[in-house]
Amino acid sequence: MGQIKLESVTKSFGPVEVIPPLDLTIEDGEFTVFVGPSGCGKSTLLRLIAGLEDITSGKISIDGQDATHVPPAKRGLAMVFQSYALYPHMSVRKNIAFPMKMAGVPVEEQNRRIEAAAAALNLTDYLDRRPGQLSGGQRQRVAIGRAIVREPGAFLFDEPLSNLDAALRVGMRLEISELHKRLKTTMIYVTHDQVEAMTMADKIVVLQAGVIEQVGSPLELYRAPRNVFVAGFIGSPKMNLLTGPEAAKHNAHTIGTRPEHIAISQTEGTWSGTIGVSEHLGSDTFFHVKCDGFDDPLTVRAGGEVALKYGDKVFLTPDLTQLHRFDAQGLRIA
Amino acid sequence: MATQHSRSAARIMMAPAVILLLGWMLVPLLMTLWFSFKKYLPLRGGDLGWVGFDNYVRFISSSSFWPSIQATLIIVGGVLAITIIFGVLLAILLNQPMWGQGIVRILVIAPFFVMPTVSALVWKNMFMDPVNGLFAHLWKFFGAEPISWLSEASLQSIILIVSWQWLPFATLILLTAIQSLDSEQLEAAEMDGASPLSRFGYITLPHLSRAITVVLLIQTIFLLSIFAEIFVTTQGAFGTKTLTYLIYQRVLESQNVGLGSAGGVYAIILANIVAIFLMRIVGKNLDA
Ligand SMILES: Nc1ncnc2c1ncn2[C@@H]1O[C@H](COP(=O)(O)OP(=O)(O)OP(=O)(O)O)[C@@H](O)[C@H]1O
Ligand SMILES: [Mg+2]
């Protein structure tokens, strides 16, 4: 229950084509994450799947059934909105009950599911409050609770954690992942936070301007980005991308090396440079090294307790087995 | 207004307005009370001294008193019902994206800018005239006998005229309220399987409740004292004599200021009874 298939789906708002023809299959039970820069069409794609926007052309099928013209409520999908979209004048209990009430579920069954969802989401103490009296994280859980009780074929999340603070975000991230493991329901999750994408996804879909740049597991994308855009987008901090003579040495237009694949030394190495800003995270340190002959500083990861400081002369050596090479079109050279 | 400090600051800043309003209200109120205990006939001897509660007894025992209260309440209730029901519908309609929205919105608001006297005269002569009115022509076109609106359906006609004037106000307030409704809530309800009608009932209407309350309270205040519409149409005949109109007749037609003032005090009492009822019913919508 919950395979979603898009076939040459397009979407235009007036003359502006936001989604050019796009094909994508999301398997049953998969946790799929859409990532991409702001305005690339992630929300639009999700709303097309939900049925909240009509597609301009193409076909959407859910579980093999054509759902292109099926109204949102009949698609068996539940959506969690970025603004939570709770009903402010209803108590938490009524909010969660609303979809069941609309579906005509008997009251005893409604109560059973509400209690179960509230227990799973730690909401039992808040059932009689209004959304306005809850914290951001609690509201988020109510929104998820409202989605769970419908027992949908798939969950759609549109940046559900972006209004939460960092600590809460990590917590909710785990809760959603756990929920997925427990329910084994298809989930589509939109985010522009690539840590969320890397940690939660079975499959990541990287979008740019409505075009799918690459689809794959987090590690596939990390190990073998298909093009320069994906290389720069996946991984934190960003991959260092170099063009010009340095790339030509490796028979490529652009080469990329991740901060964690560069060794730093005070005595010898391929490239020499001076340390600029350093970011100490405790477990790791990221140095921004201004290298002789390169325009942009390189980011390098070192251990947590490295005794290097601003202005020190250092040598950098990239791990050549982990070097990514791209041609003039930005495509990966195998 | 969270802290002690901001509360007392707010009080000080509001004081001038409150004092001014209080004076504005108290002076006429005290004068009305003063005259209501006097026999005061400006053209027939002037101030004829104190008479105690005589005026009050005479005003209430007049055969026009209870019918006037009834007419007042029917007009207020009728206009409120029409303006709120149609106001909500119009607001929803005007909130839909459509061609020429800006012009339509201005047209809908226009009646509010027409003076009550003028609009009542236009209705009386252009629409409701039993010989030349548009309605009469319409009725004749369908082969029916024209109705002489203002005598046969006088209360309904006045309700119609006043509703026409107040509908823009209600629509405007409700439209701004509808525009502040988060569209994601409606979308969430749509995904939750709510039909358009349930979306209206469960999401839109509760969202509008506060605006509806505001419309209800403000309109009631103004509708209790409508006068011009009656003055230029029926002159209080055919059962359209409201309390306001009765007071006017007592003071100006009968030249009895004392009796009219007593009626004024009854009007204050009526307004307060209505206000208490309204606050009981809808006042909780204004909390939070
Ligand atoms: N109703 C609309 N009318 C016209 N253009 C729209 C509409 N909705 C979205 N767009 C355009 O479609 C593009 C994609 O928007 P979308 O909301 O899907 O971006 P997004 O990837 O979700 O971005 P973000 O990460 O900022 O939420 C944007 O360029 C936006 O301007
Ligand atoms: Mg978005």
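Above this text you will find the structure in question.
Let us look at the structure shown here. What you see is a predicted model; the values in this text were computed from it and never measured.

Calculation notes
- Residues numbered from 1 in each chain as written.
- Chains lettered and ligands numbered in written order.
- Predicted model: local features only at pLDDT ≥ 70, side-chain atom pairs only at ≥ 80, totals over all residues.
- Heavy atoms only, no water.
- Pairing = 2+ DSSP bridges.
- Helix = DSSP H or I, 4+ residues; strand = E, 2+ residues; numbered from the N terminus.
- Contact = heavy atoms within 4.5 Å.
- Axes fitted to C-alpha atoms, helices over the stretch in contact; angles between N-to-C directions.
- Buried area = accessible area lost by both parts, 1.4 Å probe.
- Salt bridge = Lys/Arg side-chain N within 4 Å of Asp/Glu carboxyl O.
- Polar contact = N/O pair within 3.5 Å; in protein donor to acceptor, adjacent residues only side chain to side chain.
- Nonpolar A, V, L, I, M, F, W, Y, C, P; charged D, E, K, R; others polar.

1. Points about the sheet that holds strand S1 (residues 4-13) of chain A
All names here are of chain A. Read across the open sheet, the four strands follow the order S2-S1-S4-S5; overall the sheet is antiparallel. One side of each edge strand has no neighbouring strand; the edge strands of this open sheet are strand S2 (16-26) and strand S5 (65-66). Examined bridge by bridge, S1 and strand S4 (residues 57-62) share five bridges and lie antiparallel to one another. Bridge pairing links Leu6 to Ile60 in S4. On top of the sheet, helix H1 (residues 42-50) reaches S1, S2 and S4; it is set at about 120° to S1, its chief contact.

2. Re the interface of chain B and chain A
In this assembly, 15 residues from chain B lie in contact with 23 residues from chain A. Regarding the contact of chain B and chain A, the summed buried area is about 1600 Å², with carbon and sulfur atoms giving 62% of it. Broken down residue by residue, the surface that chain B buries against chain A is led by Met191(B), Asp192(B) and Tyr202(B), which jointly contribute 43%. The interface formed by chain B and chain A contains three salt bridges. Here Arg150(A) ties to Asp192(B) by a salt bridge, and the two come within 3.9 Å at their closest N and O atoms. At the boundary of chain B and chain A, one finds seven residue pairs in polar contact (both at pLDDT 80 or more). Counting only elements with at least two residues in the side of chain B that touches chain A, the list comes to helix H9 (183-191) and helix H10 (196-223) of chain B. Here the residues of the side of chain B that touches chain A are counted per class, giving seven nonpolar, three polar and five charged.

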